[in-house]
Structure formats: structure tokens, C-alpha cells
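# Descriptive analysis of the structure
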Amino acid sequence: TDNCSVTTELTAGLASGATFPIGTTTVTYTATDASGNTSSASFDVTIEGLAPEIIMPANISVSNDAGACGAVVAFEATDATGIPASTITYDVQPNTFFPVGTTTVTATATNAVGSSTGSFTVTVVDNEAPNVVGQDFVVDLDANGDASISVSDINVGSTDNCEIANIALSATTFDCSNVGANTVN
């Protein structure tokens, strides 16, 4: 107050209604009367943010992409708590190709106040059957009336989207009782 007219001016800090940064901001106003006399007053505005609290997606299980030994998997972790807003980073990015098996993904939400980390798993299951390519094969019995065959006699280019772990035949040895056509799986 003053016995004459006074003008008040913001001389340091941010104006009322402005968005203040996290931390302490000193605001100073200076009052000047008609005679040029001045007086200043300062106060601190302290803004405290909130650390993020990351929300992880549930564990994910998917089938392989057709013809691939894995799958491209989309996902997203979120944070609705952090002030200021957080930035979320991943050790394996969303929409990345994941191989068959289980991969742990770690995500971290970070802002000026702190960070929050969590993890979930992405499991890719190979549900694609191999493509078996075989051929007819004729084998002659030996002098004892016996014969045998191997996978290399029958298999002519079987493939799989991953790798073929094992190829087995339902029968590999034959004798006189097997003369004629035999079905081998």
C-alpha cells in the first residue's frame, strides 16, 4: 500500500498462470509509486513432479509368421502417472522380429523426477509343419534276403520354416516277407 498511486511490475520469474518448471522458481514483484519510490517482494514457487509408474503389457504368446522361424510382434508399455510425461525405452523395440522361443523384454519409463522399469515375455511358437519331400525307392534284397534304407535314400529336399531337427523313417529294414510295395512314412 502507498499514500499515492502505485504500479506493480513482475521483475523476475514467471507470471501468474504460467507453467512453472519442476524445481524452485523465485518470483519478484516491484511496486513503484508516483514519486519513483520502489519496494520489492519475492516469493518461491516450488513444483514437484511425479516419478513414472510403468504399466507393462501382459506376457505375449504368438504363432510364428508364415514361412518364418519367428514373428514380428507389436506391443506398448505405458505410463499415465509421471509428471512431466515420461519417455519409454525398450531393450527390444516393438514391431521387432522375435525368434521362436521366449524372449524377455525390459521397458523403462523415465522423466525428470525418476524412472520405473518392468519386464514381460514374448513367446513365439512354431506351429508350421515341415514340408516333407520324399521319393519312391527300390531296394534289392542281399544274398541273405535282407535290405535296409536310410533317410538319404528317401528324402529329396524336405524343408521347414525353422530347421528340421530330425527325420526318421517308419521302417528301415526289410526281408523276404516285405517283397513288393511297402509304405514308409
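Residues numbered from 1 in each chain as written. Predicted model: local features only at pLDDT ≥ 70, side-chain atom pairs only at ≥ 80, totals over all residues. Heavy atoms only, no water.

## Quick notes on the sheet that holds strand E6 (residues 87-90)
- Taken in spatial order, the 4 strands line up as E4-E9-E8-E6 in an open sheet, and their pairing is mixed. In this open sheet, the two edge strands, each paired with only one partner strand, are strand E4 (60-63) and E6. Neighbour-to-neighbour, the strand axes of the sheet open up by a mean angle of 25°, direction not taken into account.
- Sheet topology note: the E6/strand E8 (residues 101-110) ladder contains 4 bridges and is antiparallel. (Pairing = 2+ DSSP bridges. Helix = DSSP H or I, 4+ residues; strand = E, 2+ residues; numbered from the N terminus. Axes fitted to C-alpha atoms, helices over the stretch in contact; angles between N-to-C directions.)

## Looking at the state of the cysteines
- Applying the stated criterion across every chain, the model contains 1 disulfide.
- Residue pairing for Cys69: its cysteine sulfur links by disulfide to Cys162, the two sulfurs lying 2.1 Å apart. The sign of the S-S torsion, about 105°, decides the handedness of the disulfide formed by Cys69 and Cys162: right-handed. Residue Cys69 is found in the loop between E4 and strand E5 (70-73), and its partner Cys162 is found in the loop between helix H1 (151-154) and strand E11 (173-175); the two are separated by 93 residues along the sequence.
- Classification of Cys69 as partly exposed rests on a relative accessible area of 29%.
- According to the relative accessible area criterion, Cys162 is partly exposed, its value standing at 25%. (Disulfide = S-S within 2.5 Å. Buried < 20%, exposed > 50% of the residue type's maximum accessible area, 1.4 Å probe, protein only.)

## Quick word on the side chain of Asn161
- Within the secondary structure, Asn161 sits in the loop between H1 and E11.
- Of note is the side chain of Asn161, whose polar atom sits 2.8 Å from the backbone oxygen of Ala68. (Polar contact = N/O pair within 3.5 Å; in protein donor to acceptor, adjacent residues only side chain to side chain.)

## Things to note about the environment of Ser115
- Inspection of the secondary structure assignment puts Ser115 in strand E9 (residues 115-125).
- Note: C-alpha distance between Ser115 and Ile54 (61 residues apart in sequence) is 8.4 Å.
- Sequence-distant contacts of Ser115, that is, excluding residues within four places in its chain, are made with Pro52, Thr108, Ala109 and Thr110. (Contact = heavy atoms within 4.5 Å.)

## Structural notes on the side chain of Ser116
- On the secondary structure map, Ser116 appears in strand E9.
- Looking at Ser116, its side chain comes within polar contact range of the main-chain nitrogen of Ile54, at 3.0 Å.
- What Ser116 contacts, discounting residues up to four positions off in sequence, is Pro52, Glu53, Ile54, Ala107, Thr108 and Ala109.

## A word on the sheet that holds strand E2 (residues 23-33)
- Here we have 3 strands laid out as an open sheet, ordered E1-E2-E3, and antiparallel in their pairing. Bordering the open sheet on either side are strand E1 (6-12) and strand E3 (38-47), each of which pairs with just one other strand. This sheet shows a mean twist of 25° between the axes of neighbouring strands, independent of strand direction.

## Considerations on unusual backbone geometry
- Cis geometry marks the peptide bond from Ile83 to Pro84; its omega dihedral reads 0°.
- Even without being glycine, Asn95 reaches a positive phi, approximately 60°.
- Mapped onto the elements of the fold, Asn95 is located in the loop between E6 and strand E7 (96-99).

## Digging into the environment of Phe137
- Tracing the backbone through its elements, the reader meets Phe137 in the loop between E9 and strand E10 (146-148).
- Remark: the alpha-carbon pair of Phe137 and Asp153, spanning 16 residues in sequence, is separated by 6.9 Å.

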